[in-house]
Amino acid sequence: MTTHKLCIAPMMEWTDRHFRYLVRLMTKHTRLYTEMLTAGALIHGDRERFLRFDESEHPIALQLGGSDPIEMAQSAKWGEQAGYDEININVGCPSDRVQAGRFGVCLMREPALIAECVTAMRNQVNIPITVKCRIGVDHDDSYDFLCHFVDSIKQAGCETLIVHARKAWLKGLNPKQNREVPKLDYQRIYQLKIDNPNMNIVINGGINTIEDIKLHLKHVDGVMIGRQAYKHPEFLLNVDKEIYGQANSKQPSMNDVIHEYAMYVEKNIKQGIPLKSMAKHILNLYQGIPGAKKWRRHLSENMHKPDVGVDLIYQGLEKMY
Ligand SMILES: Cc1cc2nc3c(=O)[nH]c(=O)nc-3n(C[C@H](O)[C@H](O)[C@H](O)COP(=O)(O)O)c2cc1C
């Protein structure tokens, strides 16, 4: 099972379609995930705009938040019609907003309901329905608790599970702390793979280097990377070769990437997309390289100004060298 060998995590406000386009310029094979979209937003909001993505983004998964099987099935259908390759259910998010809406990680306590969602969604679409969860929630953090959850969704036909290797503390920790404070337990996910050999198990949480990815792949089917891919994306330039073994594929340089992205930005500005919504994703590109601070400063100080265009990116490059 190699479909999920390397995945970029769903991240609200970060993995929007512009960032995903940028990632695709660095790696052709890594699987991408959208930010979470709620079923409610798709039902009541500007569905076409929310679901839009570029053809180059394949393979691309749509992450949905919700727990009403009918709404989730309808949303999955819209996702399939829009061309997504996978629909993923968010059972990992700990924010208050999400708890109030009865979705996210609190649903690990309602495995039957998630199983019902999986069944309803599978009845509507032909693409895979997958789940992203954590290893537990509050004091419900035993291995048995996790296995009970996994058994339920497996019986409903979910074949791929992504697990953030830490539990969530719903009382007292905010979402950011919930990505740092509860300790990581990779062994538990390795054990889950041993106990569910036919499931596609993807590990997530605190994985930062190509060496780490390779080590995890000895135990599980895939690795999902979140913050590192956004804050230090330069390692993505090497993954097609190092992880996918595409020895002959031309490895792009960061300059190739930025020039291609600038063309994309120019095209989008003409369609009325503000520069800042695309430029914010490239602030981190040159970290660790001399001149990176000048690049970052030039972009961040100017990208919010009215009437700035793609030239800002070229000026940023000039300032750096
Ligand atoms: C800014 C931000 C937004 C996130 N939004 C989502 C989300 O929409 N859905 C989700 O399942 N996880 C979300 N996450 C969690 C990540 O997908 C991932 O599970 C977590 O960051 C741990 O992986 P990492 O240590 O590689 O970052 C978010 C994380 C960050 C930093």
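Within each chain, residues carry numbers counting from 1 in the order of the written sequence. The model is predicted, so local features are restricted to residues of pLDDT at least 70 and side-chain atom pairs to those at 80 or more, both for listing and for counting; the totals for chains, interfaces and linings are taken over all residues. Neither water nor hydrogens contribute to the side-chain values; these are computed over all heavy atoms in the structure.

**Q** Got a minute to help me understand the overall build of the chain in this structure?
**A** Secondary structure elements are taken from DSSP: a helix is a run of H or I of four residues or more, a strand is a run of E of two residues or more, and numbering for both begins at the N terminus. On a plain count of helices and strands, the chain comes out with 15 helices and eight strands. The quantity called the radius of gyration is restricted to C-alpha atoms. Its globule counterpart is 2.2 Å times the number of residues to the power 0.38. For 321 residues, the compact-globule formula gives about 20 Å, and the C-alpha radius of gyration of the chain, at 20 Å, lands near that figure. Burial classification: accessible surface area is computed with a 1.4 Å probe over protein chains only, and a residue below 20% of its type maximum counts as buried, one above 50% as exposed, and the rest as partly exposed. Buried positions account for 54% of the 321 residues belonging to the chain. Surface exposure of the chain reaches about 14,600 Å², of which carbon and sulfur atoms provide 49%. Only four residue types enter the tally: Lys and Arg on the positive side, Asp and Glu on the negative side; His and the chain ends are excluded. Lysine's charge is taken at NZ, arginine's at CZ, aspartate's at CG and glutamate's at CD. One finds the centroid of the 41 positive side-chain charges in the chain at a distance of 4 Å from the centroid of its 38 negative side-chain charges. With residues, only the protein chains shown are counted as cover, and all accessible areas are computed by Shrake-Rupley using a 1.4 Å probe.

**Q** Looking at this model, I keep getting lost on the sheet that holds strand E4 (residues 86–91). Mind explaining?
**A** Here a strand pair is declared whenever DSSP counts at least two bridges between the two strands. Taken in spatial order, the eight strands line up as E1-E2-E3-E4-E5-E6-E7-E8 and close into a barrel, and their pairing is parallel. Here the average twist between neighbouring strands, direction ignored, is 25°. Two elements, strand E6 (residues 160–164) and strand E7 (residues 200–204), share five bridges in a ladder whose sense is parallel. The residue bridging Val163 from the neighbouring strand is Ile203, located in E7. In what follows, residue pairs with any heavy atoms lying within 4.5 Å of each other are defined as contacts. Note on definitions: angles span 0 to 180 degrees between N-to-C directions of axes, and those axes are lines fitted to C-alpha atoms, for helices only across the stretch in contact. Relative to the sheet, helix H7 (residues 143–155) contacts E4, strand E5 (129–134) and E6, its axis offset from that of E5 by approximately 170°.

**Q** What is the right way to look at the pairing of strand E8 (residues 222–225) in this model?
**A** Here is the key point about a regular strand: its side chains alternate between the two faces of the sheet. Of the two faces of E8, the one carrying Gly222 and Met224 and the one carrying Val223 and Ile225 are both buried. Bridge analysis of strand E1 (residues 6–8) against E8 gives three bridges, and the strand direction is parallel. Bridged to Cys7 within E8 is Met224. Bridge count for E7 against E8 is three bridges, and the pairing is parallel. The residue bridging Ile203 from the neighbouring strand is Val223, located in E8. The definition of a right-handed crossover adopted here requires that, viewed with the strands pointing away, the path from the first strand over the helix to the second runs clockwise. The parallel pair E7 and E8 is bridged by helix H9 (residues 210–216), and the resulting crossover is right-handed.

**Q** Quick question: what am I supposed to make of helix H1 (residues 17–26) here?
**A** An α-helix turns once every 3.6 residues. As a result, residues three or four positions apart point the same way. Counting buried positions over the 10 residues of H1 gives 10, a clear majority of the element. Where H1 is concerned, the buried positions are Arg17, His18, Phe19, Arg20, Tyr21, Leu22, Val23, Arg24, Leu25 and Met26. Between the side-chain oxygen of the N-cap and the backbone nitrogen of His18 there are 3.1 Å, and the N-cap of H1 in question is Asp16. Two N or O atoms count as a polar contact when they lie within 3.5 Å, although within protein this holds only if one can serve as hydrogen donor and the other as acceptor, and sequence-adjacent residues are included solely when both atoms are side-chain atoms.

**Q** Whenever I open this one, the nonpolar core confuses me. Can you help?
**A** One broad trend across soluble globular proteins is that nonpolar side chains are buried collectively. Buried Ala, Val, Leu, Ile, Met, Phe, Trp, Tyr and Cys residues form a nonpolar core when they are joined through side-chain atoms within 4.5 Å. The biggest cluster of nonpolar side chains holds 109 residues, and the ones touching the most others in it are Val131 and Leu161. Among the domains, domain 1 (6–242) and domain 2 (254–320) are the pair contributing at least three residues each to this core. If near-sequence neighbours (up to four positions away) are discounted, Val131 is found in contact with Asn88, Ile89, Val91, Ile114, Val118, Phe149, Ile153, Cys158, Thr160, Leu161 and Ile162. The split into domains, and so the bounds of each, comes from an automatic or database assignment of domains.

**Q** Is there a simple way to think about the site of the ligand in this case?
**A** Taken together, the neighbourhood of the ligand is formed by 17 residues, with Gln63, Asn204, Gly206, Gly226 and Arg227 sitting nearest. Between the ligand and Pro10 there is a distance of 2.8 Å, counted from an oxygen atom to a backbone nitrogen or oxygen. Contact between the ligand and Arg227: an oxygen atom at 2.7 Å from a side-chain N or O atom of the residue. Calculation on the ligand without its partners gives an accessible area of 610 Å², and the protein chains cover 92% of this total. In this classification, Asp, Glu, Lys and Arg are treated as charged, Ala, Val, Leu, Ile, Met, Phe, Trp, Tyr, Cys and Pro as nonpolar, and every other residue, Gly included, as polar. Residue classes in the shell around the ligand are distributed as seven nonpolar, seven polar and three charged. Neighbouring residues are identified by heavy atoms, a residue being near a molecule or strand if any of them is within 4 Å of it.

**Q** Before we go on, may I ask you to explain the environment of Gly92 in this structure?
**A** Within the secondary structure layout, Gly92 lies in the loop between E4 and helix H5 (96–100). Not counting residues within four places of it along the chain, the set of residues in contact with Gly92 comprises Gly104, Val105, Lys132, Cys133 and Arg134.

**Q** Can you walk me through the environment of Val257 in this structure?
**A** One can find Val257 in helix H12 (residues 254–270). Residue contacts for Val257: discarding those within four places in its chain leaves Leu22, Leu25, Met26, Leu237 and Pro252.

**Q** Is there a simple way to think about the state of the cysteines in this case?
**A** Note on terminology: disulfide describes a covalent bond linking the sulfur atoms of two cysteines. By definition, disulfides here are pairs of cysteine sulfur atoms that lie within 2.5 Å. All chains considered together, the criterion is met by zero disulfides. Looking at Cys106, it has no disulfide partner, and the nearest cysteine sulfur is the one in Cys93, 9.3 Å off. Take Cys133: it sits in no disulfide, and the sulfur closest to it among the cysteines is that of Cys158, at 9.0 Å. On the accessibility criterion, Cys133 (0% relative accessible area) is buried.

**Q** Before we go on, may I ask you to explain unusual backbone geometry in this structure?
**A** Trans peptide bonds make up most of the peptide bonds, and negative phi angles are found at most residues other than glycine. The amide bond that connects His58 to the next residue, Pro59, takes the cis arrangement and shows omega of -5°. With respect to the element layout, Pro59 can be found in the loop between helix H3 (47–51) and strand E3 (60–65). A positive phi angle is found at Glu13, which is not glycine, with a value near 70°. Summarising the element assignment, Glu13 is placed in the loop between E1 and H1. We classify Glu13 as exposed; its relative accessible area is 56%. A positive phi angle, near 50°, is found at Asp138, a position not held by glycine. Mapped onto the fold, Asp138 is located in the loop between E5 and H7.

**Q** Honestly, the packing of helix H6 (residues 111–124) against H7 in this entry has me stumped. Any pointers?
**A** When two helices pack together, their arrangement is given by the angle between their axes and by how far apart the axes lie. Running from amino to carboxyl end, H6 crosses H7 at an angle of 25°, the nearest separation of the two axes being 8 Å. By the criterion of interaxial angle, the relationship of H6 to H7 is roughly parallel. Crossing hand, H6 versus H7: right-handed. Touching Pro111, Ile114 and Ala115 of H6 are His148, Phe149, Ser152 and Ile153, all from H7. Partitioning the contact of H6 with H7 into residue classes produces five nonpolar, two polar and no charged. Orientation categories follow fixed angle ranges, with anything under 35 degrees roughly parallel, anything over 145 roughly antiparallel, 65 to 115 roughly perpendicular, and all other angles oblique. The crossing is said to be left-handed when, going from far helix to near helix, the turn is anticlockwise and less than a right angle, and right-handed when the turn is clockwise.

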